[in-house]
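# Tertiary structure, described
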Amino acid sequence: KTCKTARGAANQRTTALQWLELLGADTKLSSLTTEDILAAKTAISGDLNYKTVNRKLTTLSVILREAVRLGWLGVSPHIPMTPEDARADRRMRYATKAEGEEMSRRMHERGHHALADFVDVLAGTGMRTGELLSLEASKIVNGKIELEVMKGGNERTLPMTTRVREVIHARLGHRSGKLFPDVSQTHLNRVWTLVKGDMGLADDSEFVPHALRHGVGTRLAQANVHKSHISTWLGHRNGSTTDIYIKVAGLDLEPIVGVLD
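To keep things clear, this report deals only with the structure shown in the data block. (Residues numbered from 1 in each chain as written. Predicted model: local features only at pLDDT ≥ 70, side-chain atom pairs only at ≥ 80, totals over all residues. Heavy atoms only, no water.)

## Examining unusual backbone geometry
- A positive phi angle, close to 55 degrees, is found at Asn142, a residue other than glycine.
- Along the chain, Asn142 turns up in the loop between strand 1 (140-141) and strand 2 (144-147). (Helix = DSSP H or I, 4+ residues; strand = E, 2+ residues; numbered from the N terminus.)

## Some remarks on the sheet that holds strand 2
- Spatial ordering of the open sheet is given by 1-2-3, a layout of three strands whose pairing is antiparallel. Where the open sheet ends on each side, the last strands, each with one partner, are strand 1 and strand 3 (156-159).
- Bridge analysis of strand 1 against strand 2 gives two bridges, and the strand direction is antiparallel. In the strand pairing of strand 2, Val141 is matched with Lys144. (Pairing = 2+ DSSP bridges.)

## Digging into the environment of Ala123
- The residue Ala123 is located in helix 6 (residues 113-125) in this model.
- In this view, Ala123 contacts Leu212, Val216 and Arg219; residues no more than four positions away in its chain are not counted. (Contact = heavy atoms within 4.5 Å.)

## Brief notes about helix 1 (residues 6-23)
- Relative to the 26 Å expected for 18 residues at 1.5 Å per residue, helix 1 spans 26 Å between its end C-alpha atoms, a close match to the ideal helical length.
- Taken as a whole, helix 1 has its buried residues at Gly8, Ala9, Gln12, Thr15, Trp19, Leu22 and Leu23. Along the axis of helix 1, the buried residues cluster in a sector spanning 150 degrees; they form a single face. Helix 1 presents Ala6, Arg7, Arg13 and Glu21 as exposed residues on the side facing more than 90 degrees away from its buried surface.
- Elements in contact with the buried residues of helix 1: helix 2 (34-45), helix 3 (50-69) and helix 9 (185-198). (Expected span 1.5 Å × (residues − 1). Buried < 20%, exposed > 50% of the residue type's maximum accessible area, 1.4 Å probe, protein only. Arc of directions from axis to C-beta.)

The values reported here are purely geometric and, on their own, carry no functional implication.
Set out below in structure tokens:
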């Protein structure tokens, strides 16, 4: 605890619990890597601005420094802080449909069937990993997925693709609580890292599970889906977040050229 106000301390505790869940309560400090932290950072980021994410990373840094001081950890892994808003000056890494399909297939080949199904749903819906991890069977209503409001997002109801429907319905028969109780963020991150190595993407630090969400947004933009519909589908609170996908797809000026042609 390094905050002087009660509110600051409460926020710090909430953030610490988020890191604990994402990195895994059973994860040994000595086995924690920068890539683990980067994957967790992506999961915790959502639509937050880089300053908020950096504050969360600072809390993690404080925890790890204390672990070093107490002798529980030899050396703290590097904390991947964001020096400036990456959305403003670099190309966003998104997973293509083919990459999502290959990730799922290779996970099946390794015997991680639940994780493969989880990836299929992420790739078919653009949900945040946290949303899918907490998704309850009761939220599947009339063949659609009802999602709760998350910080930085909006409540929304999503129709399902054929593959997503197959996965969800297969789990509905024997799940009364969470649809994916057999999946954790830590397990997903570790297997994802192994499989992306199989895919020849071991050095691609930005190819993380959240890239599937970026892929959905980009594909919708490439198909000329209206910005408001993309925003609603992904649960964006701020329309400027949706603009990222339109710019990546290169469609922000295409409607204008028809006027001049």
